[in-house]
Amino acid sequence: MPTRRAVLASALAVATVRPTIARAQAGAAPSSTATTGPATVLQLQRRSIEVNRKPASVYGIRQPDGTYGITTEVGKPFRVRVENKIDQPSLIHWHGLAPPWRQDGVPGISGPPILPGSTADYDFPLRFGGTFWMHSHEGLQEQSLMLAPLIIHDGRDRADQQQIVMMLNDFSFTPPEQIFEDLKKRSGGMPGMASGGAPMAGMARGPTPPDLNDVKYDAFLANDRTLADPEIVKVEPSGHVLLRVINGSSMSNYHLDLGQLKGELIAVDGVRIVPVMARRFPIATAQRLDIRLAMPGRAAAYPVLAVLEGEQKQTGIVLTVGGAAIARIPDTAGTPSPALTLDLERRLRAADPLKPRKPDRVHAINLTGEMSRYIWSINNVAWNKDVPPLPIAAGERVELVMINRTGMPHPMHLHGHQFQVVEIDGKRFPGAVRDTVLVPPGRRVVVAFDANNPGLWAFHCHLLYHLDAGMFTTFRYV
Ligand SMILES: [Cu+2]
């Protein structure tokens, strides 16, 4: 009898010899081409944008008509053909969706990369709506903007509501491979960075300020633009806006600043919460915020800014009512922003929480690292292909107890499932259901999820260079 592991291993082996097709697995509802029409084509491309008045060669994910990413509807199948038009292998992850595992888009985990000139097909049902995104999980391509919005409309969308997508990115003219090399080289003796990886004795919280932003970027982009030439969006006087903010940055957390506007946060990571009103919201790497805005009737320009955590750098878009003049907005804020905290996270309540249940399995997830060599790890193991998956079993309620024993915050992302934040620093509460949660230095965050999507799933820090340096592991169940 083959073991479960052997069966899965052979499934992976099959995937490697059929390099271009990711097929729907058991669990995906069959789709009918007669009723759904042809697949949406997404092309992985090179393109050029202008940053700080200089041309920059980046990647993009576009449909043949130029549309970035996908906007679709809940209940429809996700029928997509990805065409690799770049000169490198690539594979696209549907961040926040729950596809069959072989269609999850993580090279070596869910399937092989798509070779240059090849295609891969995807087909699975969309069971929930919200604000999601897609990005390459191959190498460091995400840093070069191999990413796009993935919006799924559902009953939350109002006919009288203008939808605005705001994609945040960090940008460097230095190639990502060079950035990574520099991080590894300079972490050794750099003062102020030494605390980054050393496992802390106990839960030191306080005297040592956290290390933030270990990459110095040339620019921060909102919808590919800086504040020198921001995107201007016309909105109706007294109109209703649904702002979908996606933090597609590789390494950057922000405070979203609505300025004079007050926002009603209705969803995080695409999932409904009990609404929260505020003017400022934290957004960690890979997270999303859905914010309803009731626009004033008065003609004016309303900047929506994202201020880099711990810094003055900012980016943003401008909403204009009634053709108001738009003043130049500086790309630095007046004062440095604080580090992101869990103050909002612990106030969030899921609109549709998990059914209360004792966990069948609890995994201790220590977030660990060694800053002197720029090695990041989970339970002191830096990821490599020989690391065995963490065991769980189908049908279980699983809890992950994450404790950050490093000096840097880590936005932790689970593939293929949505989890609920159920505890922060020892206090239980029915928090937000989401797919990425920030674990600041020294803090303990517990999430719960139901093992209802069998396969081999990635779980990792979403800071690109931390992920690449080893803060990555997997879960497996059949
Ligand atoms: Cu990290």
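Above this text is the structure in question.
All of the points below concern the structure found in this document. (Residues numbered from 1 in each chain as written. Predicted model: local features only at pLDDT ≥ 70, side-chain atom pairs only at ≥ 80, totals over all residues. Heavy atoms only, no water.)

**A few points about the side chain of Asp 157**
The criterion, for reference: In this description a helix means any DSSP run of H or I spanning at least four residues, a strand means any run of E spanning at least two, and both kinds are numbered starting from the N terminus. Two N or O atoms form a polar contact when they lie within 3.5 Å of each other; inside protein one atom must be a possible hydrogen donor and the other a possible acceptor, and for residues adjacent in sequence the pair counts only when both atoms belong to side chains. Two residues qualify as a contact provided that any one of their heavy atoms is within 4.5 Å of a heavy atom in the partner residue.
Tracing the backbone through its elements, the reader meets Asp 157 in the loop between strand E8 (147-153) and strand E9 (161-171). Only 3.0 Å separates the side chain of Asp 157 from the side chain of His 153, close enough to count as a polar contact. Apart from residues lying up to four places away in sequence, Asp 157 is in contact with Gln 163, Leu 242 and Arg 244.

**Digging into the packing of aromatic side chains**
So the rule is basically this: Only Phe, Tyr and Trp rings are paired, with Trp represented by its six-membered ring, and only when their centres lie within 6.5 Å; those with planes under 30 degrees apart are stacked, over 60 edge-to-face, the remainder tilted. Burial status follows relative accessibility: with a 1.4 Å probe on protein chains alone, a residue under 20% of its type maximum counts as buried, one over 50% as exposed, and anything between as partly exposed.
Enumeration according to the criterion identifies 13 aromatic pairs in this entry. Aromatic pair Phe 220 and Tyr 254: ring centres 6.1 Å apart, planes at 85°, arrangement edge-to-face. With Phe 220 in strand E10 (residues 219-222) and Tyr 254 in strand E13 (residues 254-257), this residue pair connects regions lying 34 residues apart in the sequence. Taking the relative accessible area as the measure of exposure, Tyr 254 reaches 0% and is therefore buried. Aromatic pair Trp 383 and Phe 472: ring centres 5.0 Å apart, planes at 55°, arrangement tilted. Of the two residues, Trp 383 is situated in the loop between strand E21 (375-378) and strand E22 (390-391) and Phe 472 in strand E31 (residues 472-477); the sequence distance between them amounts to 89 residues. Under the relative-accessibility criterion, Trp 383 is labelled partly exposed at 25%. Classification of Phe 472 by relative accessible area gives buried; the value is 6%.

**A short note on the nonpolar core**
Filter applied, for reference: To qualify as a nonpolar core, a set must consist of buried Ala, Val, Leu, Ile, Met, Phe, Trp, Tyr and Cys residues joined through side-chain atoms within 4.5 Å.
By size, the foremost hydrophobic cluster in this structure holds 85 residues, and its most contacted members are Leu 243, Leu 256, Leu 265, Leu 319 and Tyr 465. When sequence neighbours within four positions are dropped, the list of residues in contact with Leu 265 reads Ile 273, Val 274, Pro 275, Val 276, Phe 281, Leu 289, Asp 290, Ile 291, Leu 344 and Leu 348. One finds Ile 61, Leu 97, Phe 132 and Ile 152 within the second-largest nonpolar core, a separate group that totals 24 residues.

**Some details on the sheet that holds strand E2 (residues 54-62)**
Paired through backbone hydrogen bonds, the strands of a sheet run either parallel or antiparallel to each other. Rule in force here: In this scheme, strands are said to pair when DSSP sees at least two bridges between them. Lines are fitted to the C-alpha atoms to define the axes, a helix being fitted only along its stretch in contact, and any angle between axes, read from their N-to-C directions, falls within 0 to 180 degrees.
Strands sit in the order E2-E1-E4-E6 across an open sheet of 4 strands; the sheet is mixed. This sheet does not close on itself; its edge strands, each paired only once, are E2 and strand E6 (119-125). Averaged over neighbouring strand pairs, the angle between their axes works out to 25° when direction is ignored. Direction of pairing for strand E1 (residues 40-51) relative to strand E4 (residues 77-84): parallel, over a ladder of 5 bridges. Of the residues in E4, the one forming a bridge with Leu 44 is Asn 84.

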